[in-house]
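Listed below, chain by chain, are the residues.
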Amino acid sequence: DVKVTQSSRYLVKRTGEKVFLECVQDMDHENMFWYRQDPGLGLRLIYFSYDVKMKEKGDIPEGYSVSREKKERFSLILESASTNQTSMYLCASSRGGRFEQYFGPGTRLTVT
Amino acid sequence: GQQVMQIPQYQHVQEGEDFTTYCNSSTTLSNIQWYKQRPGGHPVFLIQLVKSGEVKKQKRLTFQFGEAKKNSSLHITATQTTDVGTYFCAGQDAGNMLTFGGGTRLMVKP
């Protein structure tokens, strides 16, 4: 059974802080993804990675960066958090490009 | 870029009524996936459709992929309170990019 875990369920940060969100999957999946979820907007892809040290921009990469130093771990970094980055952040992984994605429980980030 | 529209955004039904959500893509898709997100939970994969005109069933849920591979639907027969949640379609293009629709939030009155 695939398990995707995220470092925090809830996080409150101040404007301008550097924020790290971590995601770990235990199924040796090649692909990992970061989404943000906002009411009425569905899931929007921020970044994804198809291999260690590889990353690709999604639809809304501005204000974010990512790191994938190990296959099982994919980190999302907010260099300088802003209030418009208050959202639910979901990490996902998949075996490959045409396979289903497995999601973590999400991190609800509030930036004040 | 690819856009995936999903309607309706919300649907209230009485328990026992049927429910349908529709998904439309701006481009031809290689496949479409459906996910369910329970309140307070995370999206969970339901099914993937690949072939033009494909129809798949999972108990009371029927999934269809359009002939032109640009639209899809999910129909639930005789809804139950356990069906409550948000249903997302996600279309995959030839480049393997998966784009999620905005979701349909289903509420069921017992």
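Use the structure listed above.
Worth saying up front: this structure is predicted, and the values here are computed from it rather than measured. (Residues numbered from 1 in each chain as written. Chains lettered and ligands numbered in written order. Predicted model: local features only at pLDDT ≥ 70, side-chain atom pairs only at ≥ 80, totals over all residues. Heavy atoms only, no water.)

**Examining the overall build of chain B**
Just so we agree on the cut-off: Under the DSSP-based scheme used, a helix requires at least four consecutive residues in state H or I and a strand at least two consecutive residues in state E, with every element numbered from the N terminus. Between the two quantities, the radius of gyration covers C-alpha atoms and the globule rule is 2.2 Å times the number of residues to the power 0.38. Using a 1.4 Å probe on the protein chains alone, a residue whose accessible area is under 20% of its type maximum counts as buried, one over 50% counts as exposed, and one in between counts as partly exposed. Working rule for contacts: check all heavy atoms of both residues, and any pair within 4.5 Å makes them a contact. Values of accessible area rely on a 1.4 Å probe in the Shrake-Rupley scheme; residue burial ignores everything except the protein chains shown.
For chain B, the count of helices and strands is zero helices and eleven strands. Secondary structure elements of chain B, listed N to C terminal, follow the sequence β-β-β-β-β-β-β-β-β-β-β. Relative to a compact globule of 110 residues, whose C-alpha radius of gyration would be 13 Å, chain B shows 13 Å and is just as compact. With the principal axes as the frame, chain B shows a C-alpha extent of 40 × 25 × 20 Å. Among the 110 residues that make up chain B, the fraction classed as buried is 49%. Pairs at least 24 residues apart make up 54% of the contacts formed inside chain B by residues separated by at least 6 positions. Within the structure as shown, chain B displays about 5,300 Å² of accessible surface, and the carbon and sulfur contribution to it stands at 51%.

**Considering the layout of surface pockets**
In this approach the atoms are scanned with a rolling probe the size of a water molecule, which exposes any empty space left behind. Selection criterion: A cavity here means a set of points on a 1 Å grid, drawn over the protein atoms and nothing else, where a 1.4 Å probe fits but cannot get out; a pocket is an open set with protein on both sides within 12 Å along at least five of seven lines, and a residue lines either one if it has an atom within 4 Å of a point. Grid points are joined across faces, edges and corners, and a volume is the space filled by probe spheres set on the points. Residue polarity follows a fixed list, in which Ala, Val, Leu, Ile, Met, Phe, Trp, Tyr, Cys and Pro are nonpolar, Asp, Glu, Lys and Arg are charged, and the others, Gly among them, are polar.
Here the largest pocket is characterised by a volume of approximately 620 Å³. Of all elements in the fold, only β4 (31-38) and β9 (87-94) of chain A together with β9 (85-92) and β11 (104-109) of chain B reach the threshold of two or more residues within the lining of the largest pocket. Of the residues that constitute the lining of the largest pocket, the class distribution is ten nonpolar, twelve polar and five charged. Of the voids in this model, the second largest pocket is the one considered here, and its volume is about 440 Å³.

**Comments concerning the nonpolar core**
Note the threshold: Residue types Ala, Val, Leu, Ile, Met, Phe, Trp, Tyr and Cys, when buried and joined through side-chain atoms within 4.5 Å, form a set referred to as a nonpolar core.
Judged by nonpolar contacts, the single largest core of 20 residues is most densely connected at Trp34(A), Ile46(A), Leu76(A), Leu78(A) and Tyr89(A). Of all the secondary structure elements, the ones that give two or more residues to this core are β3 (19-25), β4, β5 (42-49), β8 (73-78), β9 and β11 (107-111) of chain A. Not counting chain neighbours up to four residues away, the residues in contact with Tyr89(A) comprise Gln6(A), Leu21(A), Trp34(A), Tyr35(A), Arg36(A), Ile46(A), Tyr64(A), Leu76(A), Leu78(A), Gly106(A), Thr107(A) and Leu109(A). In this structure, Val13(B), Leu29(B), Ile47(B) and Leu49(B) belong to the second largest nonpolar core, which totals 19 residues.

**Describing the interface of chain B and chain A**
What counts here: When two components associate, each loses some accessible surface as probed by a 1.4 Å sphere; the sum of these losses over both components is called the buried area. Should a side-chain nitrogen of Lys or Arg be within 4 Å of a carboxyl oxygen of Asp or Glu, the pair is scored as a salt bridge. Here a polar contact means two N or O atoms within 3.5 Å. Within protein one must be a hydrogen donor candidate and the other an acceptor candidate, and residues neighboring in sequence count only if both atoms are side-chain atoms.
On the chain A side, the residues contacting the 21 residues of chain B number 18 residues. When chain B packs against chain A, the two sides together hide about 1,500 Å² of surface, and 52% of this comes from carbon and sulfur. Counting every contact that joins chain B to chain A gives zero salt bridges. The interface formed by chain B and chain A includes three residue pairs in polar contact (both at pLDDT 80 or more). Of all elements in the fold, only β4 (31-37), β5 (44-49), β9 and β10 (98-100) of chain B reach the threshold of two or more residues within the side of chain B that touches chain A. Top contributing element to the side of chain B that touches chain A by residue count: β4(B), with four residues. Across the side of chain B that touches chain A, the residue classes tally to eight nonpolar, twelve polar and one charged.

**Quick notes on the state of the cysteines**
For clarity, the threshold we go by: In plain terms, two cysteine sulfur atoms within 2.5 Å form what is called a disulfide here.
Applying the stated criterion to the full structure yields two disulfides over all chains. Disulfide pairing places Cys23(A) opposite Cys91(A) at an S-S distance of 1.8 Å. One disulfide, between Cys23(A) and Cys91(A), carries an S-S torsion of -75° and so falls in the left-handed class. Taken together, the residues span a long stretch of sequence, with Cys23(A) in strand β3 and Cys91(A) in strand β9 at a distance of 68 residues. Cys23(B) shares a disulfide with Cys89(B); S-S distance 2.0 Å. Taking the torsion about the S-S bond as the criterion, the Cys23(B) to Cys89(B) disulfide, at about 75°, is right-handed. Note that Cys23(B) is positioned in strand β3 (residues 19-25) and Cys89(B) in strand β9, a separation of 66 residues in sequence. The class of Cys23(B) is buried, set by a relative accessible area of 2%. Assessed through its relative accessible area of 0%, Cys89(B) is described here as buried.

**Quick word on the pattern of salt bridges**
Two side chains with opposite charge may pair up if their charged atoms get near one another. Residue and element names in this part refer to chain A. Under the counting rule described, the total for this entry stands at nine salt bridges over all chains. Arg36 serves as the salt-bridge partner of Asp38, at 2.9 Å between the closest nitrogen and oxygen. Taken as a pair, Asp38 and Arg36 share a single burial class, namely buried. For Asp38, the salt bridge is made with Arg44, and the minimal N-O distance between the two is 2.8 Å. Each of Asp28, Glu30 and Lys71 takes part in salt bridges that share partners, so that together they form one network.

**Considering the pairing of strand β7 (residues 65-70) of chain A**
Working note: regular strand, side chains alternate between the two faces of the sheet. Residues and elements named next belong to chain A. Using the following cut-off: DSSP bridges decide pairing: two strands pair if at least two such bridges lie between them.
Direction of pairing for β7 relative to β8: antiparallel, over a ladder of four bridges. Each bridged residue has a counterpart across the sheet, and for Val66 the counterpart in β8 is Leu76. From the end of β7 to the start of β8, which pair antiparallel, there are two residues.

**Regarding the sheet that holds β7(A)**
Residue and element names in this part refer to chain A. Applicable threshold: To get an axis, fit a line to the C-alpha atoms, keeping to the stretch in contact for a helix; angles then go from 0 to 180 degrees between the N-to-C directions.
In spatial order, the strands read β1-β3-β8-β7; together these four strands make up an open sheet with antiparallel pairing. Only two strands of the sheet have a single neighbouring strand rather than two, namely β1 (4-6) and β7. For this sheet, the mean angle separating the axes of adjacent strands, direction not counted, is 20°.

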